[in-house]
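Coordinate inspection notes
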Amino acid sequence: MTSIDLNADLGEGFGHWRLTDDERLLSVVTSANVACGFHAGDAPTMRRVCELAAERGVRIGAQVSYRDLAGFGRRAMDVPPAELTAEVAYQIGALEVFARAAGTRVAYVKPHGALYNRVVRDEEQARAVVDGVVLADSTLPVLGLPGSRLLELAAKAGLPAVEEAFADRAYTDEGTLVARNQEGALVTDPGAVLRRSVDLARGGEVVTLSGRRIGMKARSLCLHGDTPGAVDLARQVRDALEASGVRVEAFA
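Keep in mind that what you see is a predicted model, and the values were worked out from it rather than measured.

Cut-offs and rules
- Residues numbered from 1 in each chain as written.
- Predicted model: local features only at pLDDT ≥ 70, side-chain atom pairs only at ≥ 80, totals over all residues.
- Heavy atoms only, no water.
- Core = buried A, V, L, I, M, F, W, Y, C linked by side-chain atoms within 4.5 Å.
- Buried < 20%, exposed > 50% of the residue type's maximum accessible area, 1.4 Å probe, protein only.
- Helix = DSSP H or I, 4+ residues; strand = E, 2+ residues; numbered from the N terminus.
- Contact = heavy atoms within 4.5 Å.
- Axes fitted to C-alpha atoms, helices over the stretch in contact; angles between N-to-C directions.
- Left-handed = near helix turned anticlockwise from the far one by under 90°.
- Nonpolar A, V, L, I, M, F, W, Y, C, P; charged D, E, K, R; others polar.
- Disulfide = S-S within 2.5 Å.
- Phe/Tyr/Trp six-rings, centres within 6.5 Å; stacked < 30°, edge-to-face > 60°.

**Some details on the nonpolar core**
- Counting 72 residues, the largest nonpolar core has Leu95, Val133, Leu221 and Leu241 as its most contacted members.
- With six residues, helix H3 (residues 81–101) is the largest single contributor of residues to this core.
- Aside from chain neighbours lying at most four places away, what touches Val133 is Val88, Ile92, Val109, Ser138, Leu140, Val142 and Leu159.
- Among the nonpolar cores identified, the runner-up in size contains five residues, and Ala107, Leu143, Val162 and Phe251 belong to it.

**Some details on the packing of helix H4 (residues 113–121) against helix H5 (residues 123–136)**
- Between H4 and H5, the least distance of the axes is 6 Å, while the angle of their chain directions is 115°. Here H4 and H5 pass one another in a crossing that is left-handed. Note on element contacts: H5 touches H4 through Glu123, Gln125, Ala126 and Val129, opposite Leu115, Arg118, Val119 and Arg121.
- Residue classes in the contact of H4 with H5 are distributed as four nonpolar, one polar and three charged.

**Here we look at the side chain of Asp5**
- Residue placement: Asp5 occurs in strand E1 (residues 3–10).
- Look past the residues within four positions of Asp5 in its chain and what remains in contact with it is Thr30, Ser31, Arg219, Ser220, Leu221, Glu249, Ala250 and Phe251.

**Some thoughts on the state of the cysteines**
- All chains considered together, the criterion is met by zero disulfides.
- For Cys50, which is in no disulfide, the shortest distance to another cysteine sulfur is to Cys36 and amounts to 8.4 Å.
- The cysteine Cys222 is free of any disulfide, with Cys36 supplying the nearest cysteine sulfur at 15 Å.

**A word on the packing of aromatic side chains**
- One pass over the structure, following the stated rule, counts three aromatic pairs.
- Residues Phe38 and Tyr90 carry aromatic rings whose centres are separated by 6.0 Å and whose planes lie at 45° to one another, so their mutual orientation is tilted. With Phe38 in the loop between strand E4 (31–35) and helix H2 (43–56) and Tyr90 in helix H3, the pair connects residues that are 52 residues apart, well separated along the chain.
- Given a relative accessible area of 4%, Phe38 falls into the buried group.

These results come straight from atomic positions and should not be treated as a statement about function.
Below, the structure written as structure tokens:
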């Protein structure tokens, strides 16, 4: 039977401010990309999400980012490689404390926002991220875009390289994500999101913004949790996948 993981970005709050409905999303997804304090998240939030994830058997992933709370990690930044390596390891280590306290552990790493897009092609920044993961734990899988420099270098370093796709983001004909500031970057029609999810899981294909159908094989499917109606849409995606014969399970 075909299987796929469902991941979502969680813990994206700070202090009294919360962006994602962590508790409800954790009843749907199989992997949680937890903000580690650099683009969002703080110590109490990280601890709470780890405890909730552990209770539900959801895998915990460290969502590492540039140090950019004001820009939510979505602004382009130039960080020296040695500094980025240390900051990636630091974020993983911080989350690991709370994961272990909850009786589990960090199971994988995924970059966020501008860093995620940068390491698709930038070898220097991709290598710095990989070096940071190795520094923290040389067994951790790395989740990223198919064909990216990040996954290529992760595999060369002996890290499990796991490909993911996005159900609610538009793709270019080259298989990269359409920039958020471009029209059509977000797929907002629920019916289209459901069809894309099933197509990605069962056929390994996606229709690009220009209308071209390209191959997009992935082991994990990302659902954004910071959009209106995110929880209900996530539940519909999971139901649609299971109704089409796809088993939903964690990759890690």
